Amino acid sequence: MKTLRFSALRGGSFAHLGGMMGLCFFLGLGGIRAQNPSIKPIEPKTVRDLVEIAKKAQKKLLGYDLRAEILLRMPIPGRKKLEETLGKARIRFDRDAQGKERSRVLSQLKTPLGTMSVETLRNSKGVFIHQASENRGEQWYKIGPELMAKLDHAKKVLGKDQSSPGGGGIGNFFKISFLEALARTHDLSLKSKMDLMGVSCWVVHATPKESSTKGERPVLPSAASDMDLYFDAKNFILRKMIQTLRGKDLFTLTVRSFVPNPKFEKQIFSESSLGKGKFQDIMEDPIASATIRATLDRLRNAEKKK
């Protein structure tokens, strides 16, 4: 087993239930590698090798249609035991030859506080969100192009905060760049291959660093936790992730299906397909915009230090 320590590289992060949990099921995924049976695939010996091989493969991916299942255990104020949230997500992503991205994410959750459904769409006009829950009813939110540009800029400057709805979020979580971001707060080691649901996978184990996480925003809900990540040995898709704390599973994500480079109908990425509700500027809702405001505050503080 070899341990990898990289410097803080820019990548994605994953927000948790407290900040509009549905908005954390974002977009993105690793690529598919062309297979030639006469050529033996290069096998990584370290996590860095895995990252470099996967990056080359992911350049070929222009879009995908993914379905995943989520299990989250977290404390609820006033309750002693960890409460479970179960969820399903469908993520559709498309990128044209000019690199312009469109995405649509539907997450359906059963939480201790009731059911929630969130659909998030991103196109050239901004980000559009339809949320429906037992507690708050229905809301329609919009993040316009100007705010999106600020959030994209924040992602480049901060290099570690993509938890806002338009920041890339789970897209980078599935991409191999997630490992680069995770290396800020964890030591990464490459284990041997193993079979997972009939798929041969490389396993990366992540152990939290003791002293280097001060001031860092955790990539996942709890920075002080171990993780096992399973990457398909043929195409480097993240097939499963298990996050544990003191021997207890906190978070499990399992990819059930993945279709690379599908052909989507144009209507799928139109905001009109989200319903007939009137979209409200997300900054007018203090709860929905909490993560965005925190990101912009961090951006201002970072730029003052330059």
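Quick caveat: nothing in here was measured; it's all calculated off a predicted structure.

Cut-offs and rules
Just so you know, the residues in each chain are numbered from 1, in the order the chain's sequence is written. Where totals are concerned, whole chains, interfaces and linings use all residues; where local detail is concerned, this predicted model gives features only for residues with pLDDT of at least 70, and gives and counts side-chain atom pairs only at 80 or more. Hydrogens and waters are ignored; side-chain quantities use all the structure's heavy atoms. Only the six-membered ring of Trp is used, alongside the rings of Phe and Tyr, when aromatic pairs are assigned; centres must lie within 6.5 Å, and planes under 30 degrees apart are stacked while those over 60 apart are edge-to-face, with the rest tilted. Elements are defined by DSSP. Helices are runs of H or I of four residues or more, strands are runs of E of two residues or more, and each kind is numbered from the N terminus. When accessible area is computed with a 1.4 Å probe and restricted to protein chains, residues below 20% of their type maximum are described as buried, those above 50% as exposed, and intermediate ones as partly exposed. In these notes, a set of buried Ala, Val, Leu, Ile, Met, Phe, Trp, Tyr and Cys residues joined through side-chain atoms within 4.5 Å is what counts as a nonpolar core. One fewer than the residue count of a helix, multiplied by 1.5 Å, yields its expected span. Whether two residues touch is decided by their heavy atoms; if any such pair falls within 4.5 Å, the residues are in contact. One confidence number per residue, pLDDT, is output by the predictor and ranges from 0 to 100. For this document, the term salt bridge refers to a Lys or Arg side-chain nitrogen within 4 Å of an Asp or Glu carboxyl oxygen. Between N or O atoms, a polar contact is any pair within 3.5 Å; within protein, one atom must be a potential hydrogen donor and the other a potential acceptor, and residues adjacent in sequence are included only when both atoms are from side chains. Here, axes are lines fitted to C-alpha atoms. For helices the fit covers the stretch in contact, and angles between N-to-C directions go from 0 to 180 degrees. Small angles under 35 degrees read as roughly parallel and large ones over 145 as roughly antiparallel, with 65 to 115 read as roughly perpendicular and the rest as oblique. By definition, any crossing whose near helix is turned counterclockwise from its far helix by less than a right angle is left-handed, and any crossing with a clockwise turn is right-handed. When residue character is reported, Ala, Val, Leu, Ile, Met, Phe, Trp, Tyr, Cys and Pro are called nonpolar, Asp, Glu, Lys and Arg charged, and the others, Gly included, polar.

1. Re the packing of aromatic side chains
- A complete count under the given rule lists four aromatic pairs for this structure.
- Ring geometry for tyrosine 64 against phenylalanine 258: centres 6.0 Å apart, planes inclined by 40°, an arrangement best described as tilted. Residue tyrosine 64 is located in strand 2 (residues 63-75), and its partner phenylalanine 258 is located in strand 13 (residues 248-260); the two are separated by 194 residues in the primary sequence. Here tyrosine 64 matches phenylalanine 258 in class, with each residue buried.
- Among the aromatic residues, ring-to-ring pairing joins Tyr64, Phe93 and Phe258 into one connected group.

2. Comments concerning the nonpolar core
- Core analysis: the biggest nonpolar cluster contains 39 residues, and Leu50, Leu179, Leu182, Leu188, Val204, Leu229 and Phe231 have the highest contact counts within it.
- Listed in part, the 14 residues of the second largest apolar core include Leu147, Met148, Ala288 and Ile292.

3. Quick notes on helix 1 (residues 47-58)
- Its twelve residues give helix 1 an end-to-end C-alpha distance of 16 Å, which sits within 8% of 16 Å, the value for a rise of 1.5 Å per residue.
- For helix 1, the full list of buried residues reads Val47, Leu50, Val51, Ile53, Ala54, Ala57 and Gln58.

4. Considering the environment of isoleucine 176
- Tracing the sequence through the fold places isoleucine 176 in the loop between helix 3 (170-174) and helix 4 (177-182).
- In sequence terms isoleucine 176 and glutamate 52 are 124 residues apart; their C-alpha atoms lie 8.8 Å from each other.
- Ignoring any residue separated from it by four or fewer positions in sequence, one finds isoleucine 176 in contact with Leu50, Val51, Ala54, Lys55, Gln58 and Phe231.

5. Description of the confidence of the model for the protein
- Of the residues in the protein, 76% have a pLDDT of 70 or more, and the chain-wide mean is 77.
- Mean pLDDT values for the elements of the protein range from 43 in strand 1 (residues 2-4) up to 94 in strand 14 (residues 280-281).
- In this model, residues 1-39 is a region of pLDDT below 50 whose contacts with residues beyond four sequence positions or in other chains number 143 contacts.
- Taken as a whole, residues 216-222 scores under 50 in pLDDT and shows 30 contacts with residues more than four places along the chain or in a different chain.

6. Observations regarding the pattern of salt bridges
- Considering all chains together, one arrives at twelve salt bridges under this definition.
- Of the charged contacts in the structure, one is a salt bridge between glutamate 69 and arginine 256, with a shortest N-O distance of 3.2 Å. With a gap of 187 residues between them, glutamate 69 in strand 2 and arginine 256 in strand 13 connect regions that are remote in the sequence.
- In this structure glutamate 69 comes out as partly exposed when scored by relative accessible area, which is 32%.
- With its nearest N and O atoms 2.7 Å apart, the salt bridge here joins glutamate 119 to arginine 104. Taken together, the positions of glutamate 119 in strand 5 (residues 114-123) and arginine 104 in strand 4 (residues 101-111) put the pair 15 residues apart, joining distant regions of the chain. Like glutamate 119, the residue arginine 104 is buried in the burial classification.

7. With respect to unusual backbone geometry
- You will see that methionine 197, though not glycine, has its phi angle at about 50°, which is positive.
- Here methionine 197 shows up in the loop between strand 9 (194-196) and strand 10 (199-208).
- Phi at asparagine 261 takes a positive value of approximately 50°, unusual for a residue other than glycine.
- Here asparagine 261 is to be found in the loop between strand 13 and strand 14.
- For asparagine 261, a relative accessible area of 40% gives the class partly exposed.

8. Things to note about the side chain of aspartate 285
- With respect to the helices and strands, aspartate 285 occurs in the loop between strand 14 and helix 5 (290-304).
- A polar contact is formed between the side chain of aspartate 285 and the side chain of arginine 136, at a distance of 3.2 Å.
- Look past the residues within four positions of aspartate 285 in its chain and what remains in contact with it is Arg136, Tyr141 and Gln280.

9. A closer look at the packing of helix 2 (residues 145-158) against helix 5
- Running from N to C, helix 2 and helix 5 point in directions that differ by 55°, and their axes come no closer than 10 Å. With respect to helix 5, the axis of helix 2 lies oblique. As for the relative orientation of helix 2 and helix 5, their crossing is left-handed in sense. Contact residues: helix 2 offers Leu147, Lys150, Leu151, His153, Ala154, Val157 and Leu158, while helix 5 offers Ile292, Thr295, Leu296, Arg298, Leu299, Ala302 and Glu303.
- Residues that form the contact of helix 2 with helix 5 fall into these classes: nine nonpolar, two polar and three charged.

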